[in-house]
Structures are given as C-alpha cells and as structure tokens.
Amino acid sequence: MKSHHHQLLFMFLVFFAQKIELLTAETFTGTYGINYGRIADNIPSPDEVATLLRAAKIKNVRIYDADHSVLKAFSGTGLQLVVGLPNGFVKEMSANASHAMAWVKENVQAFLPKTSVCGIAVGNEILGGGDYELWEALLGAVKNIYNAVDKLGLADVVQISTAHSQAVFDNSYPPSSCIFRENVAQFMKPLLEFFSQIGSPFCLNAYPFLAYMSDPENIDINYALFQKTKGIYDMKTDLHYDNMLDAQIDATYAALEDAGFKKMEVIVTETGWASLGDTNEAAATVNNARTFNYNLRKRLAKKKGTPLRPKMVVKAYIFAIFNENLKSGPTSERNFGLFKPDGSISYDIGFHGLSSAESSLLSLKAVQSQGLTKSYILILTISAAALILFLKQ
Ligand SMILES: *[C@@H]1O[C@H](CO)[C@@H](O)[C@H](O)[C@H]1NC(C)=O
C-alpha cells in the first residue's frame, strides 16, 4: 500500500516536472542563436547536429520546416527550436482552420514537451516578395495556426511569428526615416496588430553583407563588419551608429513606431556573411565572413540594446550553421556556413567546433545521459519542494 502511494506520488511529480518544464520554456535563451538550413546533401545527421550545437553551447535554433528527424533528434537536448511552416503551405493553412490544427498536432504537439518547440515561423519573407497571393494569405495562416496552438493549450509555450526581409521597407537611411513600403503597409499593419495582441516580436532578416554589396562605393565595409569606422550620424534622433546591424534594427524600430507599434520588440532571425561568392560578390571572402561573425558574436555577448532602444537587448540567429550546397542563386547563397560538414569550424570565431576525434568522443549517448541527469535533478528538486509544502500543511 505504502509503495503504491510512493508510486503515485512519483508519477504526480514526474507529471508536475514536465508541466513546469513546459511553463518555463523560453523562446530565446541569451542572445545568440543559429539557423539550421538543410538544403544540402553533405551535412551531418540531425543527431550529430544536436551534439555539435550542444558542444558549441548554442541553444536557440531555427529550421525552415518541421522535419520529424530533426524534431526527434532534438528530443531531450534542451535545444530551443523554432520550426517553420514553409511558404508552400501558407495558402492551405489560411483557407482551412482544420488543416492548420492538423499541422500543429502532427508537427508540434506530438513532439512536446521532450522536444522544446518554442515557436512556429509562419512562412518566410512573404511580404515584399514575389507571390502576391501569399501576401493575402499570410494573416489568415498566422491566425489559424495561432488559434490551433491556443486551443491545444500551448499558446504560452509556442510563439507564432513570421520573418521579414528588408524588402518591406522604404528609406532605411538614416535609420529614423525608415517606413514600411506603401504597398506592404496595408498587409503589414493588420499583421502587426495581431502580433501585438499575442505578444509576438517583429522578426527581421538583416544582412549588412547585402546592403554593403548594393552600394560598395558609398558604404565603408568596416561599418558593415563592426570594425573601427566613423559610422553614421542620425540628425533627427541625434544618435550615432558605429555598425550597420544596429542601424538596420533601429530602422525597423522607426518603421514600427511610424506604423503605431512603438512597443514591439525586434528580433534578428537571420544575419550572416558569405565566405565565397561570384566575381561580382567581391565582399564574400573567408576573411570578411570571419570578421563579421567574430565581431557579431562579441556584439551579442554584450547583451546590449541599440542606440534608439537601449533597453531592448539585441538577439540574433546567425545564418547559418552549414554551407548549403544544393541552394540555387548566386554562389554566396551556398556559402554562409559557420561549420564544415564534418562539424569542425569553417573559420575561427571563438567557438569550439568538433574535431573528428571529439565528435566520436562526444557520442550521442553521452549527451542523452546528461539530459537524463538534468531532468532527474529537476524531479528531485521538485520532490523536495513538494515535500516541504506537504510538511507545512
Ligand atoms: C477543410 O478541410 C476539411 C478536411 O480536409 C474539409 O472536410 C472541410 O470541408 C474543409 N473546410 C473548408 C472551409 O474548406
């Protein structure tokens, strides 16, 4: 009888511990995250990637779909994963709420809480892009996905968002003059209205690399690379910028304020620098990629805001973990990777990549048992807390 009680108490505690883990799941830990693009045929398996990310102490990860092999591999790792609803599904999810519910159940709920899916990015860079029907479908898809998540009781755990490219803006120089493009604004405003109701941030894909290449005559490359530079001065706000990424973020804050959303947070969901490009992409060099990524990492480690929003600590997901050899477009598109396919670092920015020796030493088993130890400690802690509560009563 007694042991039966113990068993019940234990089951209760395990359940309780899982709940607590669920409730405390954060969307972003620290300031540094990474995009795990997978359009390649030479990259490590999802299990190896989970090991690599843990060794590099990178906790925040985004993928561009909801691939089940990745969701399974990340189970029990503590990695905070944002999954993507690919653009190809957006119209369908917008048209039919029950399809949105089915997608969320199958690709998110089924993996919680062991896999920490902390967000769903609905589509990528839709507004300002080439498919106008997607612009019209985006808000409906966002709402249907959110409503599904909410009905499943997961709205506090899984944040809904969508990432925007710089194509949604007009006048991004100086930063304070930035506004949303007129044809984008009519779709952007209702979207922002909804995101502000559900507490989601504005997700920005910002590439000083692209901005620099669009105007190398007039932009100092040191400004794009966070190197010593005279920077720019914004007369309207009386603010000085010593790097372009901060200016791009503040341009976004200016556009949000102009649209009536002064309080919304901006998160950088992609930024990076290519290490190889075509002949007309001269800035894509290993040296520049290393400099950008090294300095970006230092910038993020300061846990500071921007000149315009000093209290909004800048958070960014780097693009990307690996070169993606099957991507189309200019050569730079296939050369944004921080790590080589064998898990070693492409260029030194202060991370430990995995040497091949390390990667066999740090077997998945070792990592999994670490994960287990952690949850066991959590259960023990909670047992102790529960015991104290019981004793008090
Ligand atoms: C949504 O999809 C379901 C199942 O595929 C279907 O039965 C239903 O009629 C659809 N609803 C609309 C509004 O299209």
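If you're wondering where the values come from, they're calculated on a predicted model, not measured in any experiment.

Analysis parameters
- Residues numbered from 1 in each chain as written.
- Predicted model: local features only at pLDDT ≥ 70, side-chain atom pairs only at ≥ 80, totals over all residues.
- Helix = DSSP H or I, 4+ residues; strand = E, 2+ residues; numbered from the N terminus.
- Buried ≥ 20, exposed ≤ 12 C-beta atoms within 10 Å, placed from the backbone.
- Contact = placed C-beta atoms within 7 Å.
- Pairing = 2+ DSSP bridges.
- Axes fitted to C-alpha atoms, helices over the stretch in contact; angles between N-to-C directions.
- Expected span 1.5 Å × (residues − 1).

*Asks:* Give me the lowdown on the overall build of the protein, citing residues and values where you can.
*Replies:* When its secondary structure is counted, the protein shows 13 helices and 12 strands. Classification of the 393 residues of the protein by burial places 41% in the buried group. In the protein, of all internal contacts separated by at least 6 residues, the share reaching a separation of at least 24 is 71%.

*Asks:* So what about the sheet that holds strand S1 (residues 32–35)? Which residues, and what values?
*Replies:* Backbone-to-backbone hydrogen bonds join strands into a sheet, with any given pair of strands oriented parallel or antiparallel. Strands sit in the order S1-S2-S3-S4-S5-S8-S11-S12 around a closed barrel of eight strands; the barrel is parallel. The sheet shows a mean angle of 25° between the axes of neighbouring strands, direction not considered. In this structure, strand S3 (residues 80–85) lies alongside strand S4 (residues 116–124), joined through six bridges in parallel fashion. Paired with Gly84 across the bridge in S4 is Ala121. Here helix H6 (residues 132–151) sits on the sheet in contact with S3, S4 and strand S5 (159–164), set at roughly 160° to S4. Against the sheet, helix H10 (residues 244–258) contacts strand S8 (202–205) and strand S11 (266–271), and its axis sits at roughly 135° relative to S11.

*Asks:* Go over H10, please, and point to the residues and values.
*Replies:* With 15 residues, H10 extends 21 Å from end C-alpha to end C-alpha; this agrees with the ideal 21 Å at 1.5 Å per step. Among the 15 residues in H10, 13 count as buried, and that is most of the element. Just downstream of H10, Gly260 is the residue with a positive phi angle, here 100°.

*Asks:* Could you give an account of the environment of Gln109, with specific residues and numbers?
*Replies:* Its place among the elements puts Gln109 in the loop between helix H5 (97–107) and S4. Distance from Gln109 to Val149, taken between C-alpha atoms, is 8.5 Å for residues 40 residues apart in sequence. Once you skip the residues sitting within four places of it in the chain, Gln109 turns out to touch Val104, Leu152 and Leu154.

*Asks:* Can you break down the environment of Asp41 residue by residue, with the values?
*Replies:* By the element assignment, Asp41 lies in the loop between S1 and helix H2 (46–55). Taking C-alpha positions, Asp41 is 8.1 Å from Glu324, a pair spaced 283 residues apart along the chain. Setting aside anything within four residues of it in sequence, one finds Asp41 in contact with Asn325 and Leu326.

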